[in-house]
Amino acid sequence: MPDTPAATPRARVRVPLRFQDGYRADAELVTFHGLLDGAEHLAVVLGDPAPATVPLVRLHSECLTGDVFGSARCDCGPQLREAVERIAGRGGVLLYLRQEGRGIGLYNKLDAYALQDRGLDTYEANAALGLPEDDRDYTAAAQMLRALGITELDLLSNNPDKAGQLRDLGVSVRDRVPTGVFTTAHNVRYLRAKVLQTQHTLPLAQLTDRAEHADLTGS
């Protein structure tokens, strides 16, 4: 386990959350001192876990296009909305990590989108730009969890790399809980690439059928 310095909570503030579909939740937002990457990551504490209950945690990478503008090219916005409700119902934390575009940044992500429009998948597009397929490091996430007193959790994610990195960083991941599958005609190839390239736990056959249908209809 890497010997990483401890982070500490910087400020806590109560914020009522409201989503476009009318769902509401009360959250405590926590900022931190001492995060190794220096980024302004945020913990969203939700619900009231019962004593001795293992919290439900999601590591959610920032996605301006999906989270804010509702882009149908990814599943980030629906995953964020789902995660807030599921965590609030059980008790736990959503870590909102400033890792736009799997860590390559907003402008590079949009450049990658342009290459995807020419036929590359999301990972091929990053490589064509000379960028990593996935440049995310979850050391700061592990620091945040420890600062909140969380050493064991159930991880809400389809991505095995998140669980693997947390375990390598000394955080006990008891279970990896899959998220919903949020497909559109615009993101089905993206989701299929995540299964093929990085072993996300998504239904490959269903995504392949939908991708083939999108090719036939021009969607």
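Note: the structure precedes this text.
Values in this document were obtained by computation on a predicted structure and should not be read as measured data. (Residues numbered from 1 in each chain as written. Predicted model: local features only at pLDDT ≥ 70, side-chain atom pairs only at ≥ 80, totals over all residues. Heavy atoms only, no water.)

> Tell me about the pattern of salt bridges, and name the residues and values.
Tallied over the entire structure, the rule returns 10 salt bridges. A salt bridge links Glu-85 to Arg-81; the nearest nitrogen and oxygen atoms lie 2.8 Å apart. Highlighted residues: Glu-85 and Arg-81, both in helix H2 (residues 76-90), separated by four residues, approximately one helical turn. Since its relative accessible area comes to 37%, Glu-85 is described here as partly exposed. One network of salt bridges, in which partners are shared, links Asp-21, Arg-81 and Glu-85. (Salt bridge = Lys/Arg side-chain N within 4 Å of Asp/Glu carboxyl O. Helix = DSSP H or I, 4+ residues; strand = E, 2+ residues; numbered from the N terminus. Buried < 20%, exposed > 50% of the residue type's maximum accessible area, 1.4 Å probe, protein only.)

> Tell me about helix H3 (residues 106-116), residues and numbers included.
Within H3, burial applies to Lys-109, Ala-112, Tyr-113, Leu-115 and Gln-116. Down the axis of H3, the buried side of the element spans an arc of 160 degrees, and every buried residue falls inside it. In this structure, the buried residues of H3 make contact with helix H1 (64-68) and helix H4 (122-128). (Arc of directions from axis to C-beta. Contact = heavy atoms within 4.5 Å.)

> Outline unusual backbone geometry, supporting the account with residue identities and numerical values.
Residues other than glycine seldom take positive phi values, yet Arg-102 does so here, at roughly 55 degrees. Topologically, Arg-102 is positioned in the loop between strand E5 (92-97) and H3.

> Which residues make up the pairing of strand E7 (residues 172-177), and what values do they have?
Strand direction decides the pairing type here: strand E6 (residues 152-156) and E7, joined by five bridges, are parallel. By the bridge assignment, Glu-152 is partnered in E7 with Ser-172. Each parallel crossover has a hand, and for E6 linked through helix H6 (residues 160-168) to E7 it is right-handed. (Pairing = 2+ DSSP bridges. Right-handed = clockwise from strand over helix to strand, strands pointing away.)

> Run through helix H5 (residues 139-147), naming residues and quoting values.
With eight of its nine residues buried, H5 lies for the most part within the structure. When H5 is considered as a whole, its buried residues turn out to be Thr-139, Ala-140, Ala-141, Ala-142, Gln-143, Met-144, Leu-145 and Ala-147. Directly after H5, the chain includes Gly-149, whose backbone phi takes a positive value near 80 degrees.

> Kindly report on the nonpolar core, identifying the contributing residues and their values.
With 25 residues, the main nonpolar core has Leu-59, Leu-95, Leu-145, Leu-153 and Leu-166 as its most contacted residues. The set of elements that each furnish at least two residues to this core consists of strand E2 (24-33), strand E4 (56-61), E5, H5, E6 and H6. The leading source of residues in this core is H5, at six residues. Sequence-distant contacts of Leu-95, that is, excluding residues within four places in its chain, are made with Leu-42, Ala-43, Arg-58, Leu-59, His-60, Ala-141, Met-144 and Leu-145. Core analysis: the second largest hydrophobic core is formed by 16 residues, Leu-46, Ala-83, Tyr-96 and Val-177 among them. (Core = buried A, V, L, I, M, F, W, Y, C linked by side-chain atoms within 4.5 Å.)

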